[in-house]
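This is what each chain is made of:
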Amino acid sequence: QVQLVESGGGLVQAGGSLRLSCAASGRTFSSSTMGWFRQAPGKEREFVAAVRGARTYYVDSVKGRFTIARDNAKNTVNLQMNSLQPQDTAVYYCAASATPLGTRVSFAHEYDYWGQGTQVTVSS
C-alpha cells in the first residue's frame, strides 16, 4: 500500500522559513513526478512545485522563495520555503504520480497518490 506522509508544517512569522518533508512508502518514485500542492480555506487546490527527473517546476508566486528537492535514496521529497508570506498560509499536500507526467505537472488530477496534508500558517 502506497503512503505519503508529510511533516514540517507549523506557525511562522512573515519572512520566516519552513521545510516540509514527504516520506513515501510502498513503492519507489525515483522515476515518477512528485509535487506539492496547497489549499487555503475557501479556495481550490493550487499547484506549488514539482520535480520530474532533474527538472523542477514552480508556480510563479513562489519562484525564488521555495525550492523542491527529492532524495531518491530515502524516497522523500522536500519543500524548502523561505521568505514566507501570509498568503502562503494553507494546507500543503504532497503528491506523486505512478508515471512521469511530462509537462502536466501542475494538474492535480494527474497525480495518483496524495498525503494527508500539513498546515502551514504564516502570521503577519
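Just above, that's the structure.
Residues numbered from 1 in each chain as written. Predicted model: local features only at pLDDT ≥ 70, side-chain atom pairs only at ≥ 80, totals over all residues. Heavy atoms only, no water.

## Here we look at the packing of aromatic side chains
Then, number 1: Scanning the model with the defined rule gives 5 aromatic pairs in all.
Then, number 2: On the basis of an interplanar angle of 80 degrees and a centroid distance of 5.2 Å, the ring pair of F37 and Y111 is categorised as edge-to-face. Of this pair, F37 sits in strand β4 (residues 33-39) while Y111 sits in the loop between β9 (90-96) and β10 (113-114); the two residues are 74 residues apart in sequence, bridging distant segments of the chain.
Then, number 3: The exposure class of F37 is buried, given its relative accessible area of 1%.
Then, number 4: For Y111, a relative accessible area of 5% corresponds to the buried category. (Phe/Tyr/Trp six-rings, centres within 6.5 Å; stacked < 30°, edge-to-face > 60°. Helix = DSSP H or I, 4+ residues; strand = E, 2+ residues; numbered from the N terminus. Buried < 20%, exposed > 50% of the residue type's maximum accessible area, 1.4 Å probe, protein only.)

## Looking at the environment of R38
Then, number 1: Within the fold, R38 resides in strand β4.
Then, number 2: Between the C-alpha atoms of R38 and Y92, which are 54 residues apart in sequence, the distance is 4.2 Å.
Then, number 3: For R38, the residues in contact, after removing those within four places along its chain, are E44, R45, E46, V48, S61, V62, F66, Q87, D88, A90, V91 and Y92. (Contact = heavy atoms within 4.5 Å.)

## So, the pairing of strand β11 (residues 118-123)
For a regular strand, side-chain orientation follows a simple rule: the groups alternate between the two sheet faces.
Then, number 1: Of the two faces of β11, only one is covered, namely that formed by T118, V120 and V122; the face formed by Q119, T121 and S123 stays uncovered.
Then, number 2: Note: strand β2 (residues 10-13) against β11, 4 bridges, orientation parallel. Across the sheet, residue Q13 finds its bridge partner in β11, namely S123.
Then, number 3: With 3 bridges connecting them, β9 and β11 associate as antiparallel partners. Bridge pairing links A90 to V120 in β11. (Pairing = 2+ DSSP bridges.)

## Examining the environment of A108
Then, number 1: Looking at the secondary structure, you find A108 in the loop between β9 and β10.
Then, number 2: Taking the C-alpha atoms as reference points, A108 and G35, 73 residues apart in sequence, are found 9.3 Å from one another.
Then, number 3: In this structure A108 touches F37 and W114, once residues within four positions along its chain are discounted.

## Some remarks on the nonpolar core
Generally speaking, a soluble globular protein has its nonpolar side chains buried in company with each other.
Then, number 1: Counting 36 residues, the largest nonpolar core has M34, W36, L79, M81 and Y92 as the members making the most contacts within it.
Then, number 2: Elements with a minimum of two residues in this core: β3 (18-25), β4, β5 (46-52), β6 (55-58), β7 (66-71), β8 (76-81), β9 and β11. (Core = buried A, V, L, I, M, F, W, Y, C linked by side-chain atoms within 4.5 Å.)

## Remarks on the state of the cysteines
Then, number 1: Scanning all chains against the criterion turns up 1 disulfide.
Then, number 2: Through a disulfide, C22 is tied to C94; the S-S separation comes to 2.1 Å. Between C22 and C94 the sulfur-sulfur dihedral comes to about -80 degrees; the bridge is accordingly left-handed. Here C22, found in strand β3, pairs with C94, found in strand β9; they are 72 residues apart in sequence, far enough to count as distant. (Disulfide = S-S within 2.5 Å.)

Honestly, that's just the spatial picture; any functional story needs more than this.
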